[in-house]
Amino acid sequence: MMRVDLLSIFPDFFTSPLGEGIIRRARQAQIIDIAIHNIRDHAGDRHQMTDDRPYGGGEGMVMKPEPLAACLKAVPRRGRSRVILLSPRGVPFSQQQARLYADYDQLILVCGRYEGVDERFSSHHVDEECSIGDYVLSGGELAALVVIDAVCRLLPGALGCADSAERDSFSRSLLKHGQYTRPPVFEGLEVPAVLLSGDHLAIARHRFLESVRLTLARRPDLLSGLELSKAERALLAQEGLLAQVEQARQEQKQALEISA
Ligand SMILES: C[S@@+](CC[C@H](N)C(=O)[O-])C[C@H]1O[C@@H](n2cnc3c(N)ncnc32)[C@H](O)[C@@H]1O
């Protein structure tokens, strides 16, 4: 069972998001065990101060290192564990990163607030910093929830359908194809006929081609990581898409070389 420990000054923040849907079921099925620790409980003074003014001046408050370090020290370690600070200056979170995290026995997620945490805590007690995107949130709690949700989906048994995480967007450097459910006609729009045909090979081909077209249109940068089988290459060539895919890969390669 994966263990996740959340360190926050707002422990109530997590109640609803961690008590619904896939995460709730995974907790009940003992696939993931999540514990929440209140950093304030580890503040030495009676006012439970966890922040203070920044040295050198400037706006806002900084999270003090001692309560953070004491709170982290109180977390029992399990197997391979990783201490991750949610931070806008961290490594960008991605499906690939989620897969790496899913391999740990324990993730310890530290949520910052205010202007962030004292540098001595982040540089000496944290294994890595993780950012969920190029924008600034008011606190690390939402970011930690994003990480937990993405990781939880990858844990064996967490999803109803055993392999549906493998077919999610990004798993194969492709965006997911469009999906349809009943009714067969909605506002005059029909479900693609092939999906009603019962021909599983034709359906798989249709979905693969849709995924490729969508990725070419919206996220051609992803295609550089796409590995194609011989049959897929042949199918793309037959549909006149292989040249576009190769060109997108070439352009991405050149862009990476220029930025390196
Ligand atoms: C207001 S932010 C601090 C921003 C900091 N002053 C800066 O400019 O980088 C407070 C906390 O929210 C969390 N946070 C904000 N944006 C985030 C992001 N994009 N990814 C992960 N955590 C984030 C971090 O834990 C951070 O310590």
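Residues numbered from 1 in each chain as written. Predicted model: local features only at pLDDT ≥ 70, side-chain atom pairs only at ≥ 80, totals over all residues.

S.K.: Describe the domain arrangement of the protein chain, with residues and values.
M.R.: Along its sequence, the protein chain is organised into domain 1 (2–154) and domain 2 (185–259). If you average the C-alpha positions of domain 1 and of domain 2, the two centres end up 37 Å apart. (Domains from an automatic or database assignment.)

S.K.: Describe the packing of helix α1 (residues 21–28) against helix α5 (residues 140–154), listing the residues and the values that go with them.
M.R.: The geometry of α1 relative to α5 is characterised by a closest axis approach of 10 Å and an angle of 60° between their N-to-C directions. Regarding the angle of α1 to α5, the classification is oblique. Seen along the crossing, α1 lies across α5 with a hand that is left-handed. Mapping the contact onto sequence places Ile 22, Ile 23 and Ala 26 in α1 and Ile 148, Asp 149, Cys 152 and Arg 153 in α5. A per-class count over the contact of α1 with α5 returns five nonpolar, no polar and two charged. (Axes fitted to C-alpha atoms, helices over the stretch in contact; angles between N-to-C directions. Helix = DSSP H or I, 4+ residues; strand = E, 2+ residues; numbered from the N terminus. Parallel < 35°, antiparallel > 145°, perpendicular 65-115°, else oblique. Left-handed = near helix turned anticlockwise from the far one by under 90°. Contact = placed C-beta atoms within 7 Å. Nonpolar A, V, L, I, M, F, W, Y, C, P; charged D, E, K, R; others polar.)

S.K.: I'd like to hear about the site of the ligand, residue by residue, with values.
M.R.: In the neighbourhood of the ligand, 20 residues make up the surrounding shell, with Leu 86, Gly 112, Leu 137, Gly 140 and Ala 143 lying closest. By residue number, the principal contributor to the shell around the ligand is strand β5 (residues 81–92), which donates four residues. Along the lines of polarity and charge, the residues of the shell around the ligand split into nine nonpolar, eight polar and three charged. (Near = placed C-beta within 6 Å.)

S.K.: Tell me what's going on with the sheet that holds strand β2 (residues 32–38), and back it up with residues and numbers.
M.R.: Within the open sheet, the five strands sit side by side as β2-β1-β6-β5-β7. Their pairing is parallel. Looking at the sheet topology across the chains shown, the edges are occupied by β2 and β7 (128–131). Within this sheet the neighbouring strands show an average axis-to-axis angle of 30°, counted without direction. Of the pairings in the sheet, the one linking strand β1 (residues 2–8) to β2 comprises seven bridges and is parallel in character. Bridge pairing in β2 links Met 2 to Ile 32. (Pairing = 2+ DSSP bridges.)

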